[in-house]
There are 2 protein chains.
Amino acid sequence: MNQTIETILNHRSIRKFKAEAVGQDTIQTILRCACNGSTLGNMQLFSIIVTTDKDMMQKTAPLHFNQPIATNAPLMMTFCADLHRFNRYCEFRNASTDSYDNLQSYQWAVTDAIIAAQNACVAAESLGLGICWLGTITYQVDQFIDILHLPKNVIPVACISMGYPDEQPALTDKLPVEAFVHQDTYQDYSEYDINKLYKDKETHPNTIQILKENNLENLAQVFTERRYVKKDNEFFADVLKKALQNQHFLKEE
Amino acid sequence: MNQTIETILNHRSIRKFKAEAVGQDTIQTILRCACNGSTLGNMQLFSIIVTTDKDMMQKTAPLHFNQPIATNAPLMMTFCADLHRFNRYCEFRNASTDSYDNLQSYQWAVTDAIIAAQNACVAAESLGLGICWLGTITYQVDQFIDILHLPKNVIPVACISMGYPDEQPALTDKLPVEAFVHQDTYQDYSEYDINKLYKDKETHPNTIQILKENNLENLAQVFTERRYVKKDNEFFADVLKKALQNQHFLKEE
């Protein structure tokens, strides 16, 4: 096992950081790694908003539902799917500027942006930093667009808090690798498969604790009835759809 | 600079591989890394279709426009945004099975799947393998769904060929890091900025060669008039939109 594999297998989200700032050299190394990933046709369809300013973090905190992680890290990077820069390039080179106003191009740019973000995370962790993704970045995407001054053809898709860890939580209870892997074609999951694959997770002390706190029968219900409820998901799906329309990635009906 | 940073900064796409198969231990290590990334709410919304079978690669090759890379690697991994397994879990636990039939959940799952894919790539490269993403996976997504037997709520989003490199191409001409980075808020690009940021790329011998071959004025036009033409992008955007509808991630209008 080499250092890279160790870094990846040692990943856990960090939500408590030392006050120590992340040095400029370290930030630059992380950014270089972010910008060196695979990218469709070498178009590099992403941008990175770097924030070390606590006032800026405070501004977006309500959109992250005021999770402590939204303000307590010394460094935050927001990765955006970005066709705007490429369109500007086209504009100044006498090329069409609306070739990429569509959902396919959005999918390319999301892919580029998440590749960049994950490269940044692995690089950061290899340098002793802790990281935590804020999934909330995709929820009220319209308001992030306003606050971050994102032009048309730019959508934020990943937000990561980084800093030197001030905690060492246990590794998360993940599903076993065989839960994800299919040979050649997808094999559907029987009830037997699901019971087997979720067994360790369902009997994990974390899960027992969560069920007790929520007074629910099982973990599935914790998700569907508490954490990610249909009504909320559909509301935020609609916000995302409207943002895709406003940002020129999806035609209005 | 540590080994992880070196691995990431040394990335280049490999399109020619030795015949040598990738050993099962190596594949397992790569898969363990893929499955250990960040994931929304620890829901782990992805699946991985692993292929070493050349007949299977031949079947999907036309959907990759018969690029050699679609069949010439000993190993291929297709990463899917997957809400199906979670819905099955809900089904067998008396929880709602349609909470995640929406675009927001699709965005979560795409993110989880690309994180997994990039972890796999970095892990593979750290083990001496070469990798190449096949962007074509998002094009005729409906036909990939058929061939891979993907159920509702599953969409392929990344396809990566892997193997031991039989070439050592030069590093790609990327934009400088400052092209991607914004402090706190997005700063728009002036014509001066674009000229400066694209200068090295536009004067790169690769670019000169490409312009000659295509008989075009500049690289922007190579993209808009040859490689990723509006008409094709819109066609494949429509295929993707219909697939999102069929797979229950987007309501039909």
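Right, let's walk through the structure included here. From a predicted model like this one, the values you see are computed outputs, not experimental measurements.

### Some words on the relation of the copies chain B and chain A
And then number 1: Laying chain B over chain A is done by rotating through 180 degrees and shifting 0.0 Å along the axis; what remains is an RMSD of 0.0 Å. Look at the turn and shift together and you get a two-fold axis relating the two. Distance from the rotation axis, computed per C-alpha, reaches its smallest value in chain B at Thr4(B): 2.4 Å.
And then number 2: A share of 100% of interface residues in chain B that are also interface residues in chain A marks the association as one of identical surfaces.

### A look at the interface of chain B and chain A
And then number 1: Contacts between the two partners involve 117 residues from chain B, matched on the other side by 117 residues from chain A.
And then number 2: At the boundary of chain B with chain A, total buried surface from both sides reaches about 10,800 Å², with 58% on carbon and sulfur atoms.
And then number 3: At the junction of chain B with chain A, the criterion picks out 8 salt bridges.
And then number 4: Lys251(A) is the partner of Glu234(B) in a salt bridge, and the nearest nitrogen-oxygen pair spans 3.9 Å.
And then number 5: Considering every element that reaches the side of chain B that touches chain A, the biggest residue donor is helix H5 (residues 103-126) of chain B, with 14 residues.
And then number 6: Each residue belonging to the side of chain B that touches chain A can be placed in one class, and the counts come to 55 nonpolar, 42 polar and 20 charged.
And then number 7: Direction of pairing for strand S5 (residues 181-183) of chain A relative to strand S1 (residues 46-51) of chain B: parallel, over a ladder of 3 bridges. For His182(A), the partnering residue across the bridge sits in S1(B) and is Ile49(B).

The rules behind the values
- Residues numbered from 1 in each chain as written.
- Chains lettered and ligands numbered in written order.
- Predicted model: local features only at pLDDT ≥ 70, side-chain atom pairs only at ≥ 80, totals over all residues.
- Heavy atoms only, no water.
- Least-squares fit on C-alpha atoms with pLDDT ≥ 70 in both.
- Contact = heavy atoms within 4.5 Å.
- Buried area = accessible area lost by both parts, 1.4 Å probe.
- Salt bridge = Lys/Arg side-chain N within 4 Å of Asp/Glu carboxyl O.
- Helix = DSSP H or I, 4+ residues; strand = E, 2+ residues; numbered from the N terminus.
- Nonpolar A, V, L, I, M, F, W, Y, C, P; charged D, E, K, R; others polar.
- Pairing = 2+ DSSP bridges.

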